[in-house]
Amino acid sequence: MMKPTFSIIAPIFNEIDSIPELYKRISEVMNSTNDPWELVMIDDGSTDGSTDAIRQLGANDQRVRPVIFARNFGHQIAVTAGLDYARGDAVVIIDADLQDPPEVILDMIAKWREGFEVVYAVRSEREGETWFKEFTASLFYRLIYRITDVDIPLDTGDFRLLDRKVVDVMGQMRERHRFLRGMSVWVGFKQTGVEYKRAARFAGETKYPFRKMIKFATDAITSFSYFPLQMAMYLGFISAGISILVIPVVIAMRLAGSQAFFGQASTLIAVLFLGGVQLISLGILGEYVGRLYDEAKARPLYIVSEAPDQE
Ligand code: UDP
Ligand code: MG
């Protein structure tokens, strides 16, 4: 088969009801470019029959290339596998639930033809999202922007086009806890955005429950900053500073005959406060040490049970 100009990557975890529509809309959009394209569908350990649906599409249409994981490895890893298997000159990452409208790809391609190497999609509006998701997402983007060392544009997800050059560089970054949108900014190159309205899910429920959102946010922060470690140090300085300031105050008060600060309560509060600060700092340290341990093991990022030829 001829090497495609465009690769579309769709990570799939239990999206059986969206798959036919996803395939249809992507085909329509991509056919209109008159360039050869491929759709890399990564099955991230689905249990709802999505795996068979993807296999079937691959059997019927040469342009669909199924990559089937041995188990669930998570969204960011699934996209990484997609980047590894994609062969196009430009690669587009898109969610399988059609929250990212495939039509926006045409705007991205236009920017790519102008010479941009990373074209990210900026969410100008969101539809059908709970206020909680909107609030936490908005908070997340702003927090990440403040504390990390890379300036990740606000309100951008993984929906983006990457030039082959960028895909190759990112392919060399094999870190385990991946925050792809940070990595794709970190590499540099000519970047720009296109605005879009984030749609509601076509079918099914979010595969990012609160627990996964927390893990994702922790990965994002620890991958791109030492801020939590610095916080631990600042907390240490602050509590040490307070205790030093309090000593002369207490002495002066005793000399003046005051009975304040006597007794167990004040001692207990001070001990518990310090104990808390120490445990939190230890926990933060543990997060980083655990990540180091994961990297040291150097296991493969994912395991495929079925995959197309890489070339
Ligand atoms: N996804 C995945 N593996 C996972 C979780 C999610 O491949 O462990 C896929 C999912 O099928 C979807 C995309 O990642 O195509 C984004 O997930 P979702 O729509 O649930 O996230 P949300 O849009 O709610 O943030
Ligand atoms: Mg979604």
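Quick caveat, the model's predicted, so the values are computed rather than measured.

**A few points about the packing of helix α5 (residues 131-147) against helix α8 (residues 210-224)**
A pair of packed helices is captured by two measures, namely the crossing angle of their axes and the spacing between those axes.
Working step 1: One can describe the packing of α5 onto α8 by two numbers: an axis separation of 10 Å at closest approach and a directional angle of 10°. Judged on the interaxial angle alone, α8 and α5 are roughly parallel. From α5, Phe132, Lys133, Thr136, Phe140, Leu143, Ile144 and Ile147 reach across to α8, where they touch Phe210, Met213, Phe216, Ala217, Ala220 and Ile221.

**Points about the sheet that holds strand β1 (residues 6-12)**
In a beta sheet, neighbouring strands pair by backbone hydrogen bonds and run either parallel or antiparallel.
Working step 1: Ordered in space as β7-β5-β6-β4-β1-β2-β3-β8, the eight strands form an open sheet in which the pairing is mixed. Two strands in the sheet have a free side with no partner beyond their single neighbour: β7 (191-198) and β8 (304-306). Each strand axis lies, on average, 25° off the axis of its neighbour in the sheet, ignoring direction.
Working step 2: Of the strand pairs in this sheet, strand β5 (residues 118-126) and strand β6 (residues 156-163) are connected by four bridges, and their pairing is antiparallel. Each residue of the ladder has a partner; that of valine 118, found in β6, is leucine 162.
Working step 3: Of the strands in this sheet, β1, β2 (37-43) and β3 (64-69) touch helix α1 (residues 19-31), which is tilted by about 160° from β2.

**Some thoughts on the coordination of the magnesium ion (ligand 2)**
Working step 1: Here the magnesium ion (ligand 2) is held by the protein donor atoms Asp97 (OD) and Gln99 (OE1), which lie 1.9 to 2.0 Å from it.
Working step 2: Aspartate 97 gets classed as buried once you look at its relative accessible area, which sits at 4%.
Working step 3: Using a relative accessible area of 7% as the deciding quantity, one classes glutamine 99 as buried.

**Here's the deal with the pattern of salt bridges**
Working step 1: Applying the stated criterion to the full structure yields 24 salt bridges.
Working step 2: In the salt-bridge network here, residues are joined through shared partners; they are Glu15, Asp97, Arg201 and Lys207.

**Examining α1**
Working step 1: For α1, spanning 13 residues, the distance from its first C-alpha to its last is 18 Å, which sits close to the expected 18 Å at 1.5 Å a residue.
Working step 2: Among the residues making up α1, those that are buried are Ile19, Leu22, Ile26, Ser27, Val29 and Met30.

**Considering the packing of aromatic side chains**
The description of an aromatic ring pair uses the distance of the two centres, along with the angle that the planes make with each other.
Working step 1: Going through the model one piece at a time under the given rule, you end up with 12 aromatic pairs.
Working step 2: On the basis of an interplanar angle of 15° and a centroid distance of 5.2 Å, the ring pair of phenylalanine 69 and tyrosine 302 is categorised as stacked. Linking phenylalanine 69 in strand β3 with tyrosine 302 in the loop between α10 (264-297) and β8, this pair joins segments that are 233 residues apart in sequence.
Working step 3: On the accessibility criterion, phenylalanine 69 (3% relative accessible area) is buried.
Working step 4: Assessed through its relative accessible area of 13%, tyrosine 302 is described here as buried.
Working step 5: On the basis of an interplanar angle of 90° and a centroid distance of 6.1 Å, the ring pair of tryptophan 131 and phenylalanine 132 is categorised as edge-to-face.

**Re the site of ligand 1**
Working step 1: Ligand 1 sits among 19 residues. The nearest are Glu15, Asp44, Asp97, Thr206 and Lys207.
Working step 2: Phenylalanine 13 has a polar backbone atom sitting 3.0 Å from an oxygen atom of ligand 1.
Working step 3: The separation between an oxygen atom of ligand 1 and a polar main-chain atom of alanine 96 is 2.9 Å.
Working step 4: In isolation ligand 1 exposes 530 Å². Once the protein is present, 96% of that is buried.
Working step 5: Across the shell around ligand 1, the residue classes break down as five nonpolar, five polar and nine charged.

Conventions and cut-offs
Residues numbered from 1 in each chain as written. Chains lettered and ligands numbered in written order. Predicted model: local features only at pLDDT ≥ 70, side-chain atom pairs only at ≥ 80, totals over all residues. Heavy atoms only, no water. Axes fitted to C-alpha atoms, helices over the stretch in contact; angles between N-to-C directions. Helix = DSSP H or I, 4+ residues; strand = E, 2+ residues; numbered from the N terminus. Parallel < 35°, antiparallel > 145°, perpendicular 65-115°, else oblique. Contact = heavy atoms within 4.5 Å. Pairing = 2+ DSSP bridges. Donors = N, O, S within 2.8 Å, 3.2 Å for Na, K, Ca; no water. Buried < 20%, exposed > 50% of the residue type's maximum accessible area, 1.4 Å probe, protein only. Salt bridge = Lys/Arg side-chain N within 4 Å of Asp/Glu carboxyl O. Expected span 1.5 Å × (residues − 1). Phe/Tyr/Trp six-rings, centres within 6.5 Å; stacked < 30°, edge-to-face > 60°. Near = heavy atom within 4 Å. Polar contact = N/O pair within 3.5 Å; in protein donor to acceptor, adjacent residues only side chain to side chain. Areas by Shrake-Rupley, 256 points an atom, 1.4 Å probe, with all protein chains shown as cover. Nonpolar A, V, L, I, M, F, W, Y, C, P; charged D, E, K, R; others polar.

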